[in-house]
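# Report on the structure
Chain by chain, the residues run as shown.
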Amino acid sequence: MMNYIWGFMLIAGIVVSLATGRADAFTDSFLASCTDAVEFTLSLAGVMAVWSGLMKIAEESGLIDHAAKALRPILTFLFPKEKDSQTLAMMIMSFMANIFGAGNSATVFSLKAMERLDAENGHSPRASNAMCMFLALSMSMIQLIPITVIKVRSDLGSASPDDIILPSIAAGLISMAVSVWICKLFERKSPDA
Amino acid sequence: MPDILSLLSIAFLPLLITIILVWGIWKKVPIYDAFIKGAKDGLKTSVEILPFLLGIFLAIGALTSSGAMGFLQETTRPFFEKIGIPQELISLILLRPVSGSGSLVLAQQIMEVTGPDSFAGRAASVMVGSCETVFYVLALYFGVTSVKKMRHAFLSGIAGYIAGVMASVYLCHIM
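Anyway, here's the lowdown on the structure attached to this text. (Residues numbered from 1 in each chain as written. Chains lettered and ligands numbered in written order. Predicted model: local features only at pLDDT ≥ 70, side-chain atom pairs only at ≥ 80, totals over all residues. Heavy atoms only, no water.)

### Thoughts on the side chain of Ser105 of chain A
All names here are of chain A. Examined against the element boundaries, Ser105 turns out to sit in helix H6 (residues 103-120). Exposure remark for Ser105: the relative accessible area of 5% places this residue in the buried category. In terms of polar contacts, Ser105 uses its side chain to reach the side chain of Trp51, at 2.7 Å. (Helix = DSSP H or I, 4+ residues; strand = E, 2+ residues; numbered from the N terminus. Buried < 20%, exposed > 50% of the residue type's maximum accessible area, 1.4 Å probe, protein only. Polar contact = N/O pair within 3.5 Å; in protein donor to acceptor, adjacent residues only side chain to side chain.)

Below is the structure:
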């Protein structure tokens, strides 16, 4: 899937830029993207190392097990087959970080969770149901305070920069409900192999 | 209500770090050693995701810089008009799934033109506040695994995204 999407995006970009005479813009952006990706990784590397370090403390002190146990009721609905408390903890942390607007930290936890889910799935090329559910939730997780948008709004002189908070949460919840519903629907049709 | 929420958001990280450290000391974990051990691990992961980020950034850059995005916007305009979505929002709806920072800049531009308290400005804000970068998440998350078949993760994400967009527009009408 990714092979086709990626190939399509690049080739479509090249074809359109040639057709519209913007090949130079394409080349500029191609080179700039390389730098951007490395810079973004570097900025992420610090956060990633720090959170991995802190989570190691939480793991060795047993805090992670406690957190996973406390949230078991919700988690068994979403991830009925997931028993590993480390994996569950990484997913919870990712959701929490997302909700509280710590995007980079959320990425860190998510990637850790995906690595663990992949190992539990036997490094199979077919995504497990738990992976799909985790993705469905991550792609629709709400954020309590969309702080960057509010900042932009107030900079632009909005009379009430934060009156978008409640509609945002409501829209996010609707999006999440649809995502989880579709995911559960497919899960019932095709259980894990 | 928004005040309590923003306080929670601001206090989240410091509180969490405090709990982790205090709990660790209480349970007699060598916290500094554990931190270093974990941090080494984290650095490894960040190096591992660089190739995926490169791939994603290149593809997004190709689409936006070449004008392919603008072309897509023009061709889908009649469809969006039919379902009652203001045309200012079309580019945002198309860009949001692939680029978080790009769509934030775009939302800012929309608000500069239409005003932050206009309908389009508010809908754009709500959209950025509630809709996730679904394609980016799919590519990056599955990137660290051996998965080739995403199965229903793809459809769930897209369906959730469309629902989020529609809800953003509709809720801005009534709220």
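Following the structure, the description resumes.
### A closer look at unusual backbone geometry
Here His123 of chain A, not a glycine, exhibits a phi torsion of approximately 50°, which is positive. Note on placement: His123 of chain A falls in the loop between H6 and helix H7 (129-138). A relative accessible area of 49% places His123 of chain A in the partly exposed class. Here the phi dihedral of Lys28 of chain B falls at roughly 60°; this positive angle occurs in a residue that is not glycine. Counting through the fold element by element, Lys28 of chain B comes out in the loop between helix H1 (2-26) and helix H2 (31-65).

### Looking at the interface of chain B and chain A
Taken residue by residue, the interface counts 92 residues in chain B and 105 residues in chain A. Regarding the contact of chain B and chain A, the summed buried area is about 8300 Å², with carbon and sulfur atoms giving 75% of it. For the chain B face of the interface with chain A, the top three residues by lost area are Tyr141, Arg151 and His152 of chain B, together amounting to 9%. Linking chain B with chain A are 3 salt bridges, by the criterion used here. Between Arg153 of chain A and Asp117 of chain B there is a salt bridge; the shortest N-O distance is 3.3 Å. One can count 25 residue pairs in polar contact (both at pLDDT 80 or more) joining chain B with chain A. Breaking the side of chain B that touches chain A down by element, the ones donating at least two residues are H1, H2, helix H5 (100-114), helix H6 (119-130), helix H7 (134-143) and helix H8 (152-174) of chain B. It is H2 of chain B that contributes the most residues to the side of chain B that touches chain A, 26 residues altogether. Taken together, the residues of the side of chain B that touches chain A break down into 56 nonpolar, 25 polar and 11 charged. (Contact = heavy atoms within 4.5 Å. Buried area = accessible area lost by both parts, 1.4 Å probe. Salt bridge = Lys/Arg side-chain N within 4 Å of Asp/Glu carboxyl O. Nonpolar A, V, L, I, M, F, W, Y, C, P; charged D, E, K, R; others polar.)

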